[in-house]
Protein chains: 2
Amino acid sequence: MNWQDKAHLRIPGPTPIPLRIQQAMSKPMIGHRGQAASRLLQECATSLRALFGTTHTPLILTGSGTSALEAAVTNAVQPGDEAIVVVTGAFGDRFAKIVERYGIALHRLDVPWGTSCSPEQLATFVQNHPRAKAVFLTYCETSTAVLNPIAELAKAVHDHSDALVIVDGVSCLGAVPCHMDDWQVDIMVTGSQKVLMLPPGLAMVAVSERAWKRIEQQTQPRFYLDLTAYKRSMEQHSAPYTPAVSLLYGLKEALLMLEEEGWENVFARHQRLMRMTRAGLRALGLPLLTSDDDASPTVTAIDGRQTAWDTESLRKHMSEMNVTIAGGQQHLKGQIARIGHMGYCDELDVLTVLGVLEMACFKMGVPVELGTGVKAAQEVILHV
Amino acid sequence: MNWQDKAHLRIPGPTPIPLRIQQAMSKPMIGHRGQAASRLLQECATSLRALFGTTHTPLILTGSGTSALEAAVTNAVQPGDEAIVVVTGAFGDRFAKIVERYGIALHRLDVPWGTSCSPEQLATFVQNHPRAKAVFLTYCETSTAVLNPIAELAKAVHDHSDALVIVDGVSCLGAVPCHMDDWQVDIMVTGSQKVLMLPPGLAMVAVSERAWKRIEQQTQPRFYLDLTAYKRSMEQHSAPYTPAVSLLYGLKEALLMLEEEGWENVFARHQRLMRMTRAGLRALGLPLLTSDDDASPTVTAIDGRQTAWDTESLRKHMSEMNVTIAGGQQHLKGQIARIGHMGYCDELDVLTVLGVLEMACFKMGVPVELGTGVKAAQEVILHV
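Keep in mind it's a predicted model, so treat the numbers as computed, not measured. Each chain carries its own residue numbering, running from 1 in the written order of its sequence. Numbering of ligands from 1 and lettering of chains from A proceed in the order in which they are written. Thresholds applied to this predicted model are a pLDDT of at least 70 for local features of residues and 80 or more for the giving and counting of side-chain atom pairs; totals over whole chains, interfaces and linings are not thresholded and use all residues. Each side-chain value is derived from all of the structure's non-hydrogen atoms; neither hydrogens nor water enter the calculation.

J.: Which residues make up the overall build of chain A, and what are the values?
T.: Looking only at helices and strands, chain A has 14 helices and 13 strands in total. Each radius of gyration reported is based on C-alpha atoms, and the globular scaling rule is 2.2 Å times the count of residues to the power 0.38. A compact globule built from 384 residues would reach a C-alpha radius of gyration of about 21 Å, and chain A, at 21 Å, matches this within 12%. The principal-axis extents of the C-alpha atoms in chain A amount to approximately 60 × 55 × 35 Å. Buried residues in chain A amount to 65% of all 384 residues. Contact between two residues is taken to exist if any of their heavy atoms lie within 4.5 Å; hydrogens are not considered. Nonlocal contacts in chain A, meaning residues at least 24 apart in sequence, comprise 70% of its contacts between residues at least 6 apart. Accessibility throughout is a Shrake-Rupley quantity obtained with a 1.4 Å probe, and a residue counts as covered only by protein chains that appear here. Summed over all atoms, the accessible surface of chain A reaches about 13,900 Å², with 51% contributed by carbon and sulfur. His residues and chain termini do not enter the charge count, which takes Lys and Arg as positive and Asp and Glu as negative. Note that the charge is assigned to NZ on lysines, CZ on arginines, CG on aspartates and CD on glutamates. Averaging the positions of the 34 positive and the 39 negative side-chain charges in chain A gives two centres separated by 5 Å. Here a helix means four or more residues in a row that DSSP labels H or I, a strand means two or more in a row labelled E, and each is numbered from the N terminus. Only protein chains enter the area calculation, which uses a 1.4 Å probe; residues under 20% of their type maximum are buried, those over 50% are exposed, and those in between are partly exposed.

J.: Explain the sheet that holds strand β10 (residues 202-207) of chain A to me, and be specific about the residues and the numbers.
T.: Residue and element names in this part refer to chain A. One requirement defines pairing of two strands: DSSP has to find at least two bridges between them. Ordered by their spatial adjacency, 7 strands build an open sheet running β2-β10-β9-β8-β5-β3-β4, and the pairing between neighbours is mixed. Either end of the sheet is taken by a strand with one partner, and the two such strands are β2 (59-62) and β4 (105-110). Taken over all neighbouring pairs, the strand axes of this sheet differ in orientation by 20° on average, direction set aside. To obtain an axis, a line is fitted to C-alpha atoms, over the contacting stretch when the element is a helix, and the angle between two such axes runs from 0 to 180 degrees between their N-to-C directions.

J.: Can you break down the UniProt feature "domain: Aminotransferase class V" (unreviewed entry) in chain A residue by residue, with the values?
T.: UniProt positions are given in the numbering used here, feature names are shortened, and annotations may be inferred rather than shown by experiment. Residues annotated by UniProt as "domain: Aminotransferase class V" (unreviewed entry) correspond here to residues 29-330 of chain A. Helix makes up 44% of residues 29-330 of chain A and strand 17%, whereas the separation of the span's terminal C-alpha atoms amounts to 40 Å.

J.: Before we move on, can you summarise the domain arrangement of chain A with the specific residues and values?
T.: All names here are of chain A. An automatic or database domain assignment supplies the residue ranges for each domain. Parsing chain A into structural domains produces domain 1 (4-15 + 262-382) and domain 2 (19-259). Distance between the C-alpha centres of domain 1 and domain 2: 27 Å. Each side of the interface is counted separately: domain 1 has 29 residues, and domain 2 has 31 residues. By buried area we mean the combined loss of accessible area, with a 1.4 Å probe, across both parts when two parts are placed together. At the boundary of domain 1 with domain 2, total buried surface from both sides reaches about 2,400 Å², with 62% on carbon and sulfur atoms. Ranking the residues of domain 1 by area buried against domain 2 places Trp 263, Phe 267 and Asp 294 at the top, with a combined share of 26%. For salt bridges, the criterion is a side-chain nitrogen of Lys or Arg within 4 Å of an Asp or Glu carboxyl oxygen. For the pair domain 1 and domain 2, the number of links is 0 salt bridges. Here a polar contact is taken to be a pair of N or O atoms separated by no more than 3.5 Å, where protein atoms must pair a possible hydrogen donor with a possible acceptor and residues adjacent in sequence count only if both atoms sit in side chains. For the pair domain 1 and domain 2, the interface holds 11 residue pairs in polar contact (both at pLDDT 80 or more). At the level of elements, α11 (263-283), β11 (299-303) and β13 (336-340) are the ones that each hand at least two residues to the side of domain 1 that touches domain 2. Top element by residues in the side of domain 1 that touches domain 2 is α11. It accounts for 5 residues. Partitioning the side of domain 1 that touches domain 2 into residue classes produces 14 nonpolar, 12 polar and 3 charged. Residue polarity is assigned by list, with Asp, Glu, Lys and Arg as charged and Ala, Val, Leu, Ile, Met, Phe, Trp, Tyr, Cys and Pro as nonpolar; anything else, Gly included, falls into the polar class.

Here you go:
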């Protein structure tokens, strides 16, 4: 039961890699300054437009998601500026840490972990901080499985301010609609190891016309993460520094797979996986951290603070049966368990996770009826 | 003659990827916070010590080589400081650009492209700039195929200054001895896509005790490239931000392959590939950009400024026969051709490159005797 090939990685990223993508990444290496690399970059950037919902060409960085979060900060605001960061969990907190590190005056809107930020709450906060040059938001807050209502939040900002709207979309872009041009989001970032089904190592950033005007005036020093360098290079279908070529091959294949499935179907699949997971957990009587309204289609959290048993023990038992789920972060460490259902994940994967979770509960002496969670998830598939 | 699988990539990085490494990188994805990832990071870091010649644990960043160059700058010096950058080509120039971008007073020691910096020259320069806090050097200057004498240059600095010695070893580490502890090099950086035979996407940084003292006092803001974050995480066998897991699997396998070959044999192989290439080009009457004393074992440049024919045309003809070599950079663009012979490259690969180069010369009407270059290279293999 512990073959590595049959391990089920159900954390909220990295996600498993499809064979098609593995094979694409195994193509012979090419020169990063040659025509083939140029075409590859161009094809990826063109396909990424639909992911972001923009007519602009997204930029591709070699780095973790955090590299793109930092790029969003240092390219958009600078010391002396004020910025609002909405913190709904550990990744909002990361934005806040970067903002503080760079000497930008931070106005931090803390929202209880497990709930989303409401447009009304943000509107008031924006009005109270009229000098803020940017508002940093998190689309899916991976640490709490919360999806923030980005379209409404962006509108709340624009109704009361000229601040740029900057969004971390790392753990949900591709699984949820994104219309950054229509929503007037100024900078949206994502990463390779989530819905895109790739290994970690690429980060993508899309930027509005309005944000480019600001970025081009920025004097805050930056080099590797200077977005203007990526923009200039991308206009020549090139990258300023040697890009992760094998991951680009993978990205092209991933985008092709998602286009073949059809973006609407990709969104619907993730909605279904979320509904299955939530129905299964509820049928087993396990408490969820987020309400239905705040739930992300990519990850679901069990609130261990409301259980008589330990979520870390649950994770350990599941891990012994070859299914890996995630724990909590920061003050929720050891308090919650998170099930990732994004990227290379389908309905049968959720049945497996629930089946194993039930057996883990059984082993722990948690009073659940075996098969109950699976049944509830099957009913979601079968519409009964 | 143009199967992609049989393409010969002979630029000075990225280099071809061995099947063993491709297979290692195709292992199922794992959680980046789990025990398996922790072990993987630890194994890579331990093996990297021999590459750098240090007892300290090297750090692994997700990024292009340039990310590590920037990390070396922003962690070691800050605005108001003075720094010396020795520029022997485009990558020394990149160090200089980063230094300037960050408002550090730059003392630039320009050396004619194609020659190395001499210890005497550097000693004088260091004495003339006694307030420099750091001296930035390039081990192999990829753009000119020059190997700088790092041990002697480091000594020249230490004899006259307390400045940190910081070295870009991206395009030669692994192919040449490196004893950074003995040589008192303070920061040494390298990348994945050169001698290590991996795709681009990882950068590695090793840091001396002396440099850590400086780095820990630095107030220059930095986040993704803050080396103290990587150090703290590495002490827990972890990475501060999601690392490029598949490339780490590849790195482990690459280091294993090089250890199996034996580091002394790896150095000897690269020396042999260099001697074969130089002997072959000389036998054909082609002018080399660097002297034997300055030659890097990883890359060799043909000086097209001394030929009646065009090196770009040579590259094009070779490319049509499925062998890719590189051109020049900056003011040497279109003026030189560079043959990479590092990483996944053996003696027969050099015979192939020379054979194709001869045919390209023939097609261009360059008066060379077919087989002459190959013969000279064969004689290097056969010791005749």
